[in-house]
Amino acid sequence: MALRASRPAREVFKLKDFCSRRLRKSLADFCRRGVYAAAGSCSSGAGFSGPLDHYSRLIRDGTLRDDQRQRAVLQELEQLQRTLRGYSNTPPSIFSRIFTKPKNLRGFYIYGDVGTGKTMVMDLFYSYVETERKRRVHFHGFMLDVHKRIHRLKQSLPKRKAGKMAKAYDPIAPVAEEISEEACLLCFDEFQVTDIADAMILKQLFEHLFLNGVVVVATSNRPPEDLYKNGLQRVNFVPFIAVLKKYCQTLRLDSGIDYRKQNRPSAGKLYFLSSEPDVEATLDKMFDELAFRQNDITRPRVLNVHNRKVVLSKACGTVADCTFQELCDRPLGASDYLEMSRLFDTIFIRHIPLLSLNQKTQARRLITLVDALYEQKVRVVLLADHPLEELFVHEEGAGHDDSHALMDDLGLKREEARTLSIFSGEEERFAFQRTVSRLTEMQSEEYWLEGDRSSKPRGSHSEPKNS
Ligand SMILES: Nc1ncnc2c1ncn2[C@@H]1O[C@H](COP(=O)(O)OP(=O)(O)OP(=O)(O)O)[C@@H](O)[C@H]1O
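Rules used throughout
Residues numbered from 1 in each chain as written. Predicted model: local features only at pLDDT ≥ 70, side-chain atom pairs only at ≥ 80, totals over all residues. Heavy atoms only, no water. UniProt positions renumbered as here; feature names shortened; annotations may be inferred. Pairing = 2+ DSSP bridges. Helix = DSSP H or I, 4+ residues; strand = E, 2+ residues; numbered from the N terminus. Axes fitted to C-alpha atoms, helices over the stretch in contact; angles between N-to-C directions. Contact = heavy atoms within 4.5 Å. Phe/Tyr/Trp six-rings, centres within 6.5 Å; stacked < 30°, edge-to-face > 60°. Buried < 20%, exposed > 50% of the residue type's maximum accessible area, 1.4 Å probe, protein only. Lys NZ or Arg CZ within 6 Å of the ring centre and 35° of its normal. 1 Å grid on protein atoms, 1.4 Å probe; cavity = no way out; pocket = protein on both sides within 12 Å on 5 of 7 lines; lining within 4 Å. Points joined across faces, edges and corners; volume = space filled by probe spheres on them. Polar contact = N/O pair within 3.5 Å; in protein donor to acceptor, adjacent residues only side chain to side chain. pLDDT = per-residue confidence, 0-100. Near = heavy atom within 4 Å. Areas by Shrake-Rupley, 256 points an atom, 1.4 Å probe, with all protein chains shown as cover. Core = buried A, V, L, I, M, F, W, Y, C linked by side-chain atoms within 4.5 Å.

An unreviewed UniProt entry annotates the protein as AFG1 like ATPase a of Oryzias latipes. You can read under Sequence similarities (unreviewed entry) in the UniProt record for the protein the words "Belongs to the AFG1 ATPase family."

Okay, here's the thing in structure tokens:
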């Protein structure tokens with residue numbers, strides 16, 4: 001019998017709030033432009049018959065450029081949105097639960113290059129799906145949540161008795177069941193597999209979700225066949241690909257256009273090179289001007305993240321002035337960056353060096369930081385040693401110093417390890433592209449204006465309280 005975890009539904013998807021804020025934000029943006037009538041539920045009342053109709057309107061009013069590939073994907077998504085009307089994966093009675101299997105609706109796996117509009121079309125679709133039991137999550141956040149649930153479940157088991165063999169049990173099925181009860185539609189942004197711990201449980205987890213009637217729509221930069229490419233023990237991961245393809249139709253969205261790099265009006269100069277004369281003084285002046293409008297003094301700031309203290313050396317109100325070393329050369333992670341995104345609306349990042357695979361850990365932190373700032377529309381002012389497009393370099397045969405110990409632990413020879421993605425830096429190359437694309441958009445006027453929290457009601461982006 002499946003082991004059940006007792007847990008209030010409200011606690012579910014700890015990172016859900018972080019993820020859906022972006023959706024709410026994008027809905028609110030559309031609202032502000034008079035496009036959506038009501039955030040979160042747009043199907044009726046907004047005057048649009050569905051996502052495609054809505055998309056056409058965004059083209060007509062000049063918000064978006066017409067893109068046939070996006071239309072084609074939206075056509076498929078609209079079909080699913082209609083089919084999902086009245087859909088439920090939890091039969092109403094215990095009796096019917098036992099005797100009826102939920103019908104399986106096929107979802108979509110949308111992949112393509114960075115900035116081609118995958119998230120945008122998925123969010124449009126999502127906003128028209130008429131059910132409360134839908135979740136839109138960042139894939140990484142979802143997997144963190146899954147691991148937490150597994151951990152909690154294991155801890156809730158009675159302690160093993162000495163001398164007795166504990167019966168083998170499977171925590172994944174009950175976790176999948178728990179999730180299936182909370183959502184019949186899961187939309188994943190940035191489906192990617194970089195972690196062996198994720199890779200090893202995905203097949204079982206998703207098989208259960210699909211069998212429980214959960215419909216999945218996902219966006220990714222890679223076709224299913226390339227997921228976890230060259231990953232450790234990939235042979236155990238490969239069967240998941242067939243499961244994914246069985247329950248999700250693959251759609252390619254690749255017009256070859258990175259819309260983040262399309263000529264967007266610039267917010268002004270926000271990216272500086274270390275070689276520019278008096279550049280530090282210029283940034284000091286920018287910081288002082290922003291600080292002048294704050295109801296605070298310039299001082300160090302101590303953030304409290306999960307009972308850890310994270311000290312930032314210079315901040316004023318909602319503006320922080322940091323160095324790359326301070327943010328990426330210390331053991332900080334997603335939760336620290338999320339907290340920063342909550343507290344600050346503008347962050348200076350000075351002295352960003354050229355990033356190669358030799359500084360993989362620092363580069364990964366910068367990627368995570370930019371992802372968190374982008375999701376929360378935090379503005380950035382950057383001072384770097386190289387132009388943005390040249391910030392990340394992939395050097396063949398780079399040292400990967402921090403990988404050597406792991407290679408030794410795993411008993412891998414250099415040559416063997418070279419093809420494994422954790423050593424080859426293949427995943428980083430995709431992530432670099434995304435970071436460059438995002439940082440490009442973050443210098444646009446539109447992004448800068450959207451990041452203005454001064455006119456927004458206090459609440460989600462409240463004044464610092466941990467400092
Ligand atoms: N047809 C379009 N016309 C104009 N702007 C667009 C269009 N499609 C998408 N955009 C804009 O381009 C930016 C990137 O879009 P989106 O985040 O959906 O891309 P993505 O494919 O999910 O990127 P990534 O793979 O990096 O996550 C967003 O600001 C979005 O509003």
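Next comes the rest of the write-up.
This brings us to the sheet that holds strand β6 (residues 271-273). In space, the 6 strands of this open sheet follow the order β6-β11-β10-β9-β8-β7, with mixed pairing throughout. The open sheet has two free edges, formed respectively by β6 and β7 (299-305), since each of these has just one partner strand. Averaged over all pairs of adjacent strands, the angle between their axes in this sheet comes to 30°, without regard to strand direction. Of the pairings in the sheet, the one linking β6 to strand β11 (residues 379-384) comprises 3 bridges and is parallel in character. Counterpart to Y271 in the pairing with β11 is L382. Against the sheet, helix α10 (residues 279-292) touches β6, β8 (308-316), β9 (319-323), β10 (346-352) and β11, its axis set at about 165° to β10.

This next bit is on the packing of aromatic side chains. The geometry of an aromatic ring pair is captured by two quantities: the separation of the ring centres and the angle between the planes. Tallying each qualifying case throughout the model produces 18 aromatic pairs. For the pair F142 and F188, a centre-to-centre distance of 4.7 Å together with 65° between the ring planes defines the contact as edge-to-face. Linking F142 in helix α6 (residues 139-156) with F188 in strand β3 (residues 185-189), this pair joins segments that are 46 residues apart in sequence. For F188, a relative accessible area of 0% translates into the label buried. Residue placement shows K314 over the ring face of F287; its charged tip is 4.5 Å from the ring centre. A cation over an aromatic ring shows up here: R379 above the ring of W448, its NZ or CZ 4.2 Å from the ring centre.

As a further point, take empty space enclosed by the protein. Summed over all chains, the structure comprises 1 cavity of 30 Å³ or more. Taken as a whole, the largest cavity encloses approximately 90 Å³ of empty space. Lining the largest cavity are 10 residues, with F191, Q192, N221, F430 and R434 sitting closest to its centre. Residue contributions to the lining of the largest cavity peak at 4 residues, all from helix α17 (residues 426-441).

Turning next to the environment of D258. On the secondary structure map, D258 appears in the loop between β5 (248-252) and β6. Measuring from C-alpha to C-alpha, the distance between D258 and E390 comes to 17 Å, with 132 residues separating the pair along the chain. A polar contact of 2.9 Å, which involves the side chain of D258, links it to the backbone nitrogen of R260.

Here the focus is the confidence of the model for the protein. Summary statistics for the protein give a mean pLDDT of 81 and a share of 75% for residues scoring 70 or more. Every residue in residues 397-401 is under pLDDT 50, and counting partners more than four places away or in other chains gives 7 contacts. This model gives residues 458-467 a pLDDT under 50, and the stretch forms 23 contacts once residues within four places in sequence are excluded. Two numbers describe this predicted complex: its pTM, 0.75, and its ipTM, 0.99.

Residues in close proximity to the ligand total 21 residues, the closest being R65, G115, K118, T119 and M120. In this structure, R65 approaches the ligand through a main-chain N or O atom, which is 2.8 Å from a nitrogen atom. In this structure, an oxygen atom belonging to the ligand sits 2.5 Å away from a side-chain N or O atom of T119. In the complex, the protein chains occlude 90% of the 640 Å² of accessible area that the ligand would expose alone.

The side chains of a regular strand alternate, residue by residue, between the two faces of the sheet. Counting buried residues along β3, 5 of its 5 residues qualify, which places the element largely inside the surrounding structure. Neither face of β3 is left uncovered, since the one carrying L185, C187 and D189 and the one carrying L186 and F188 both have all their residues buried. Here strand β2 (residues 134-138) runs beside β3; their pairing, made up of 5 bridges, is parallel. Paired with V137 across the two strands is F188, which belongs to β3. In this structure, β3 lies alongside strand β4 (residues 215-220), joined through 4 bridges in parallel fashion. Within the sheet, the bridge partner assigned to L185 lies in β4 and is V215.

Attention shifts here to the nonpolar core. General note: in soluble globular proteins, nonpolar side chains tend to be found buried as a group. Within the largest apolar cluster, 41 residues are counted, with the highest numbers of intra-cluster contacts made by L327, M340, F344, I347, I349, I352 and L366. It is helix α13 (residues 360-375) that provides the largest number of residues to this core, a total of 8 residues. In contact with M340, not counting residues within four places along its chain, are L303, L312, C322, L327 and I347. Counting 38 residues, the second-largest nonpolar core is a separate cluster that includes L186, V193, A218 and L227.

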